[in-house]
Every structure is written in C-alpha cells, then in structure tokens.
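So the chains spell out like this:
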Amino acid sequence: MNRRRDTAALFPGSFDPITNGHLDIVERGLSVFREIVIAILVNSDKRPLFTVEERVRTIRQVFRGNKRVRVDTFSGLLVDYAERAGASVIIRGLRAISDFEYEFQMALMNRRLNPKVETVFMMPAESYTYVSSRLVKEVFRLGGRVSDLVPPAVEKRLRAKYKLRGGRPTGESE
Ligand code: PNS
C-alpha cells in the first residue's frame, strides 16, 4: 500500500497572488498526495497587494470543482497549523539555487520545531522557474503582459486592483 497517497500535504505561502508556478506545484503535489491544503499566511511582515480574503476567494475560484484541493489561512507557526490541519507534509516549490538557502533554513527549523512534519521540495516546470508573485505584480503594474504567468481569475483581480488605485501607472512606482 502506498501510505503517502493517504497523506494530506500543506502548501503554505503568501500567494500574493497565486501564479501558474504555484498551480504547477499543486498539480505535482496531487500526483503524490491525497489532498493539498493551500495555506495562506495571515499577518505576514510583507505588505500584500491583495487582502487575505481576496486571496482565499481567488484561489478557491481557481480550484473550484477540485475536491482534493482545500484553501485555508493560518497564523502563528506553520508546524502548529500542520498539526491542526492533520497534515504531515509541507510542500515547497524550488525554482532555482537562489531559493535553496532560505528554504533549507526553513525546512530545518520546522523539523526542529516538529520532527513529525516532513518538508518535501518540488520543482516546477522549467517554464516557470523565473515566475514569482513579486515579478508578476511589477510587470503588470508597468503594463507588461502576465496572461501566461497567472490564471485568468488573478489577471482579472490585478486589473481591478490597479484600476481601483487610479489606473495602471506607466512607469512610476506606487
Ligand atoms: O510564499 P512565502 O512568503 O515564501 O511563504 C513563507 C511561509 C508562509 C511558508 C513562511 O513565512 C511561514 O511558514 N511562516 C509562518 C511562521 C513560521 O512558522 N515561521 C517559522 C518557519 S521556519
């Protein structure tokens, strides 16, 4: 019996916004684990573009109809949330060597905090190795095309968000 297939895995992050790179990791996660819980961090130090509620709604929209993907929020320690959510695995995407140091530190710290929770790294398709939420926001804000980088629901929200902020600026920062 493949016990891993019975396991729920957490995919935590800021998802501000979710990108096609994240979607690729969720797909890969679903090929290994029973359920993927996309866990959005509340109260991050970062100043997000989208509220947590907007991110939850968008991600639920993206995965509507997929009963094996759940969207939730968490605050406090990730490993404590993993325990509460009944997940023994944390999935993180590794795009490049530059991701490695931060991810390695987090994985080892989380292991120290709770040795029963294992971190699994997954690599997205090569075509997403340069995609990040930060760059998507920057490119969109400056008028670049992001339709290949994010799901349509996210592009729509980006458009609405920047319109709300007085239209898409043409060069200057926010
Ligand atoms: O998408 P991100 O911003 O890279 O995700 C980072 C995240 C949410 C996974 C990380 O900041 C996190 O787990 N924060 C929760 C607080 C915590 O458990 N900190 C100790 C981790 S070593």
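Conventions used here
- Residues numbered from 1 in each chain as written.
- Predicted model: local features only at pLDDT ≥ 70, side-chain atom pairs only at ≥ 80, totals over all residues.
- Heavy atoms only, no water.
- Near = heavy atom within 4 Å.
- Polar contact = N/O pair within 3.5 Å; in protein donor to acceptor, adjacent residues only side chain to side chain.
- Areas by Shrake-Rupley, 256 points an atom, 1.4 Å probe, with all protein chains shown as cover.
- Helix = DSSP H or I, 4+ residues; strand = E, 2+ residues; numbered from the N terminus.
- Nonpolar A, V, L, I, M, F, W, Y, C, P; charged D, E, K, R; others polar.
- Expected span 1.5 Å × (residues − 1).
- Bend = angle between axes of the 7 residues up to and from the residue.
- Buried < 20%, exposed > 50% of the residue type's maximum accessible area, 1.4 Å probe, protein only.
- pLDDT = per-residue confidence, 0-100.
- Contact = heavy atoms within 4.5 Å.
- Patch = residues over 30% accessible without salt bridge, like charges linked within 9 Å, V, L, I, M, F, W, Y side chains within 5 Å.
- Salt bridge = Lys/Arg side-chain N within 4 Å of Asp/Glu carboxyl O.
- Axes fitted to C-alpha atoms, helices over the stretch in contact; angles between N-to-C directions.
- Parallel < 35°, antiparallel > 145°, perpendicular 65-115°, else oblique.
- Left-handed = near helix turned anticlockwise from the far one by under 90°.
- Phe/Tyr/Trp six-rings, centres within 6.5 Å; stacked < 30°, edge-to-face > 60°.
- Core = buried A, V, L, I, M, F, W, Y, C linked by side-chain atoms within 4.5 Å.

Turning next to the site of the ligand. Taken together, 13 residues lie around the ligand, and G13, S14, K46, L78 and R92 are the ones closest in. Contacts to the ligand include L78, whose backbone N or O atom sits 2.8 Å from an oxygen atom. Taking R92, its side chain carries an N or O atom lying 3.0 Å from an oxygen atom of the ligand. For the ligand, whose free accessible area comes to 550 Å², the fraction covered by protein is 77%. It is helix α4 (residues 97-113) that provides the largest number of residues to the shell around the ligand, a total of four residues. Across the shell around the ligand, the residue classes break down as seven nonpolar, four polar and two charged.

Between its first and last C-alpha atoms α4 spans 25 Å; for 17 residues at 1.5 Å apiece the expected length is 24 Å, and the two agree. Taken as a whole, α4 carries its principal kink of about 25° at E103. Among the residues making up α4, those that are buried are D99, E103, A107 and N110.

A word on the confidence of the model for the protein chain. Any region with low pLDDT has predicted coordinates that should not be read closely. When pLDDT is averaged across the protein chain, the result is 92; 93% of the residues are at 70 or more. Within the model, the stretch residues 169-174 combines pLDDT values under 50 with eight contacts to residues more than four positions away or in other chains.

Bringing a nonpolar patch on the surface into the picture now. Nonpolar side chains collect at one region of the surface, where I97, F100, F104 and L108 lie side by side and expose about 420 Å² of accessible area between them. Within the secondary structure, I97 sits in helix α4.

What follows deals with the packing of helix α5 (residues 133-141) against helix α6 (residues 152-164). With their axes 11 Å apart at the nearest point, α5 and α6 run at an angle of 55° to one another. Judged by the inter-axis angle, α5 sits oblique to α6. You can see that α5 and α6 cross each other, and the crossing is right-handed. Here V136, K137, F140 and R141 of α5 come into contact with α6, specifically with L158, R159 and Y162.

On to the pattern of salt bridges. Going through the model one piece at a time under the given rule, you end up with 13 salt bridges. R34 is paired through a salt bridge with E35; the nearest N and O atoms lie 3.8 Å apart. For R34, a relative accessible area of 40% corresponds to the partly exposed category. Exposure remark for E35: the relative accessible area of 15% places this residue in the buried category. R134 is the partner of E138 in a salt bridge, and the nearest nitrogen-oxygen pair spans 3.9 Å.

Turning our eyes to something else, we now look at the packing of aromatic side chains. Scanning the entire structure with this criterion turns up four aromatic pairs. Where F11 meets F15, the ring centres are 5.3 Å apart and the plane angle is 75°; that geometry is what we call edge-to-face. Relative accessible area serves as the criterion here: at 2%, F15 is assigned to the buried category. With centroids separated by 5.6 Å and ring planes inclined at 35°, the aromatic side chains of F140 and Y162 adopt a geometry described as tilted. Separated by 22 residues along the polypeptide, F140 in helix α5 and Y162 in helix α6 bring together distant segments of the chain. Its relative accessible area of 2% is what places F140 among the buried residues.

All right, on to the nonpolar core then. With 32 residues, the main nonpolar core has I36, I38, I91 and L158 as its most contacted residues. Secondary-structure elements contributing two or more residues to this core are β1 (8-13), α1 (20-30), β2 (35-41), α2 (52-62), β3 (69-74), β4 (89-93), α5 and α6. Examining the composition of this core, we find that four residues originate from one element, α1, more than from any other. Leave out the neighbours within four places in its chain, and I38 touches F11, F15, I18, V26, I59, F63, V69, R70, V71 and D72. Among the nonpolar cores identified, the runner-up in size contains twelve residues, and V37, F74, L78 and A87 belong to it.

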